[in-house]
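Structure assessment
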Amino acid sequence: MDTTLRPTTAGGTGGTLGTRANASSRLVPTRSSASVDDTAAVTTAASAASAAPLRANGSAAKIASGLQDQVAGAQQALDYLERVSNQLEALKGELTAKLAGTRNGSRLQLEVHARQLAQTLAERKKTGGGGVDNNLNYSTKPATQRFRIRGLDIASIKQSAPLNISFSVGSAGGPQMGVNIEPDQSNQEVARAIDRALAPMGVHASLDENGELVFSTPESNWSSVKDSIAVSGRGRVITEELPANLAPQLWNVGTETGNADALRQSLREVVQALERVHRSQAAASAALQAASAQVSDAATPPPDMTIAVDDFGKVAASTDYESLIALTSALVGVSRDRVLALLGLR
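Residues numbered from 1 in each chain as written. Predicted model: local features only at pLDDT ≥ 70, side-chain atom pairs only at ≥ 80, totals over all residues. Heavy atoms only, no water.

1. Structural notes on the overall build of the protein
Within the protein one finds 10 helices and 8 strands. Surface summary for the protein: the accessible area is close to 18,700 Å², and the carbon and sulfur share equals 51%. (Helix = DSSP H or I, 4+ residues; strand = E, 2+ residues; numbered from the N terminus. Areas by Shrake-Rupley, 256 points an atom, 1.4 Å probe, with all protein chains shown as cover.)

Structure, rendered in structure tokens:
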């Protein structure tokens, strides 16, 4: 099996357009007709007027595209969380009514609401925008899957210290990364050391709320990771996916009398889930506003661009020799890709 988790480096920010960021943006008629390439210094004010704005706005086009993806993801997350919130509120009302013994708390209504919520939760990966995890927490980063490695816990690791552990991820053994564990290290230090060893392979380690070792990886990588982790001295290990905190499909709401304790537990889960959803809605709203503001800024042409466009239009409207020379000089080195990048900001 191939190794899908490898050390990665941040990608480039995209090709640059133009050459001189500080050159004047005014078009000035000139007789110079010397050609320039994409990286050479601009020799005339006319070509500088076209090159400099294109550099800035080519980058802005790429930035705006990425921001648009963030806006779309945050909006999808908000739509999904709103649907979940409404269903949780309906369930909360039904559970409360049934526990109170009122006529509104019927078995049929509870079953219908529980099935609807279970179906919505099952659709999260497709409709949640990629930033909502299985516990309904929102992040601007891709949602992660949390899991444990059977037999690999803080207590057993510290009991065997000093210890060297090597990890690999991948069908053919993958890249191997080792970590030394010393007896005097704290639980947090052990978790951080293991995290540093696994991070290049796209897996992270930390302590959960109970101080136990828990691992995580982006949900998109989970299918490749879950059956391909190997630990020195043990070979391929068994990973155990941590289930979601909210599991309506497991609730016992199928009897008229019901189990009062089970219903109360279900109600507690619903209330806790609502609190998480409300926090996630606030976080997604903040992310949407921030990304939308950046998109607006990136899509707004800088003052120099506006001046250059006006000057270019005036020169292009003239038919005298000086103007035509300035126009053709300004277009030297302007490729189709540059024009498309500029038009992409519209």
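2. Some details on the pattern of salt bridges
For the structure shown, the criterion picks out 5 salt bridges. Across the pair glutamate 123 and arginine 83 runs a salt bridge whose closest N-O atoms are separated by 3.5 Å. Here glutamate 123, found in the loop between helix H2 (107-122) and helix H3 (124-127), pairs with arginine 83, found in helix H1 (residues 45-100); they are 40 residues apart in sequence, far enough to count as distant. Given a relative accessible area of 26%, glutamate 123 falls into the partly exposed group. (Salt bridge = Lys/Arg side-chain N within 4 Å of Asp/Glu carboxyl O. Buried < 20%, exposed > 50% of the residue type's maximum accessible area, 1.4 Å probe, protein only.)

3. Some points on H2
Taking 1.5 Å per residue as the helical rise, H2 with its 16 residues ought to reach 22 Å, and the 23 Å between its terminal C-alpha atoms agrees with that figure. Turning to H2, its buried residues number three or more, namely Leu110, His113, Ala114, Leu117, Ala118, Thr120 and Leu121. Projected onto a plane normal to the axis of H2, the buried residues spread over an arc of 160° and lie on a single side. Those residues of H2 that are exposed and aimed more than 90 degrees away from the buried face are Leu108, Arg115 and Ala122. (Expected span 1.5 Å × (residues − 1). Arc of directions from axis to C-beta.)

4. Observations concerning the sheet that holds strand S6 (residues 229-231)
Read from one edge to the other, the open sheet built from 4 strands follows the order S3-S2-S6-S7, with strand pairing classed as antiparallel. Each edge of the sheet is formed by a strand with only one pairing partner; in this case those strands are strand S3 (176-181) and strand S7 (235-236). Strand direction decides the pairing type here: strand S2 (residues 163-169) and S3, joined by 6 bridges, are antiparallel. What sits directly across from isoleucine 165, in S3, is valine 179. Its contacts with the sheet place helix H5 (residues 187-198) against S2 and S3, and it is angled at close to 165° to S3. (Pairing = 2+ DSSP bridges. Contact = heavy atoms within 4.5 Å. Axes fitted to C-alpha atoms, helices over the stretch in contact; angles between N-to-C directions.)

5. A short note on the confidence of the model for the protein
When the pLDDT values of the protein are averaged, the result is 77; 66% of them are 70 or greater. Segment residues 1-56: pLDDT under 50, and 114 contacts once partners within four positions in sequence are set aside and those in other chains are kept. (pLDDT = per-residue confidence, 0-100.)

6. Here's the deal with the nonpolar core
In terms of nonpolar packing, the biggest core is built from 31 residues, with Val84, Leu88, Leu117, Val132, Leu136, Tyr138 and Leu246 touching the most fellow members. Put simply, the parts of the chain that give this core at least two residues each are H1, H2 and helix H7 (260-299). With residues near it in sequence (within four places) discarded, valine 84 still touches Leu117, Thr120, Leu136 and Val277. Counting 27 residues, the second-largest nonpolar core is a separate cluster that includes Ile154, Ala161, Leu198 and Met201. (Core = buried A, V, L, I, M, F, W, Y, C linked by side-chain atoms within 4.5 Å.)

7. A look at H5
Taking 1.5 Å per residue as the helical rise, H5 with its 12 residues ought to reach 16 Å, and the 17 Å between its terminal C-alpha atoms agrees with that figure. Among all positions in H5, only Val190, Ala191, Ala193, Ile194, Asp195, Ala197 and Leu198 are buried. In this structure, the buried residues of H5 make contact with helix H4 (154-160), S2, S3, strand S4 (204-207) and strand S5 (213-218).

8. Regarding the packing of aromatic side chains
Taken as a whole and judged by the stated rule, the model has 2 aromatic pairs. Ring geometry for phenylalanine 147 versus phenylalanine 215: centroids 5.7 Å apart, planes at 25°, classification stacked. Placement of phenylalanine 147 in strand S1 (residues 144-149) and of phenylalanine 215 in strand S5 is noted, with a sequence separation of 68 residues between them. Classification of phenylalanine 215 as buried rests on a relative accessible area of 1%. Here the aromatic rings of phenylalanine 147 and tryptophan 222 are separated by 4.9 Å at their centres, their planes lie at 40°, and the arrangement is tilted. Of the two residues, phenylalanine 147 sits in strand S1 while tryptophan 222 sits in helix H6 (residues 219-225), which places them 75 residues apart along the sequence. Each member of the pair, phenylalanine 147 as well as tryptophan 222, carries the same accessibility label: buried. An aromatic cluster is present here, built from Phe147, Phe215 and Trp222 joined pairwise through their rings. (Phe/Tyr/Trp six-rings, centres within 6.5 Å; stacked < 30°, edge-to-face > 60°.)

9. Quick word on the pairing of S5
Within S5, 5 of the 6 residues are buried, which leaves the element mostly enclosed by the surrounding structure. Note: S1 against S5, 4 bridges, orientation antiparallel. Counted as the bridge partner of arginine 146 is serine 216 from S5. Where S4 meets S5, 4 bridges bridge the pair, whose relative direction is antiparallel. Counterpart to serine 206 in the pairing with S5 is valine 214. Hairpin connection from S4 to S5: 5 residues lie between these consecutive antiparallel strands, with glycine 211 at a positive phi of about 80°.

10. A closer look at unusual backbone geometry
Residue proline 162 is reached from alanine 161 by a cis peptide bond, and omega for that bond is 0°. Among the secondary structure elements, proline 162 is positioned in the loop between H4 and S2.

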